[in-house]
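# Commentary on secondary and tertiary structure
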Amino acid sequence: MPRVAIYPGSFDPLTNGHLAIIQRGLHVFDRLVVAVATNPEKTPLFTPEERKALIAEAVGRDPRVEVDAFEGLLVDYARTKGVHTVLRGLRAASDFEYEFMLANMNRKLDPDFESVFVMTGEDYFFVSARLVREVARFGGDVSAFVPSNVLEGLRRKLGIR
Ligand code: ADP
């Protein structure tokens, strides 16, 4: 049986921190489903379709990675996929508290559900999609934190060079 995990997130946009988690996740799992969480109540910078396209482009043609989007509960989405394992990244202690609550809530909702965490390395522990959006919006250089296609996407979206 191939080992498959879902890596969910908002990915608004994908950062090098996310990419590192995907690469390291592939050392543990045979396949990953990178799943863009869509929330109709939030106004993201990139639409779910744009976020999916940026991820697919950055990952390249790796048959081990599927890019998808979902709305609603992660456990319900995972069930429709027949997957019971979720991959998440941990940056700092501040991520831990939220991820701990989320993992336990998900396991209450579906007892078969398991969360697996990969800790980020020193290169990206301070990189979040939100910070990237904010720095890019004010014209800061985010080229070290996102893949080149995302950098292009940010420039187009924000009308900056
Ligand atoms: P962000 O918090 O950057 O907006 P997401 O909501 O898309 O990102 O996060 C999806 C998952 O990826 C979460 O588990 C988050 O902790 C993890 N993650 C995001 N950025 C990093 C990073 N730089 N290093 C490790 N994990 C990360």
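So, here is what we can say about the structure in this document. (Residues numbered from 1 in each chain as written. Predicted model: local features only at pLDDT ≥ 70, side-chain atom pairs only at ≥ 80, totals over all residues. Heavy atoms only, no water.)

Below, the discussion takes up the site of the ligand. Close to the ligand lie 18 residues, the nearest being Tyr7, Gly89, Arg91, Tyr124 and Ala129. In this structure, Thr120 approaches the ligand through a side-chain N or O atom, which is 3.2 Å from a nitrogen atom. Take Val127: an N or O atom from its main chain is 2.9 Å from a nitrogen atom of the ligand. Starting from 530 Å² of accessible surface for the ligand in isolation, the protein chains cover 90%. Of all the cavities here, the one that holds the ligand is the largest pocket. Among the elements of the structure, β1 (4–9), α1 (16–28), β4 (85–90) and α4 (93–109) are those that each provide at least two residues to the shell around the ligand. (Near = heavy atom within 4 Å. Polar contact = N/O pair within 3.5 Å; in protein donor to acceptor, adjacent residues only side chain to side chain. Areas by Shrake-Rupley, 256 points an atom, 1.4 Å probe, with all protein chains shown as cover. 1 Å grid on protein atoms, 1.4 Å probe; cavity = no way out; pocket = protein on both sides within 12 Å on 5 of 7 lines; lining within 4 Å. Sits in = over half its atoms within 2 Å of the grid points. Helix = DSSP H or I, 4+ residues; strand = E, 2+ residues; numbered from the N terminus.)

Moving on to the pattern of salt bridges. Going through the model one piece at a time under the given rule, you end up with 14 salt bridges. Between Arg107 and Glu114 there is a salt bridge, with its nearest N and O atoms 3.4 Å apart. Here the salt bridges share partners, and the residues they tie into one network are Arg31, Glu66, Asp68 and Lys81. (Salt bridge = Lys/Arg side-chain N within 4 Å of Asp/Glu carboxyl O.)

Once that is clear, we can look at the environment of Val132. Residue placement: Val132 occurs in helix α5 (residues 129–137). Under the relative-accessibility criterion, Val132 is labelled buried at 3%. Sequence spacing of Val132 and Thr15 is 117 residues, and the spatial spacing of their C-alpha atoms is 8.0 Å. The residues touching Val132, leaving out its near neighbours within four places in the chain, are Pro13, Thr15, Val127, Val142, Phe145, Val146 and Leu154. (Buried < 20%, exposed > 50% of the residue type's maximum accessible area, 1.4 Å probe, protein only. Contact = heavy atoms within 4.5 Å.)

Coordinates in, geometry out; function isn't part of it.
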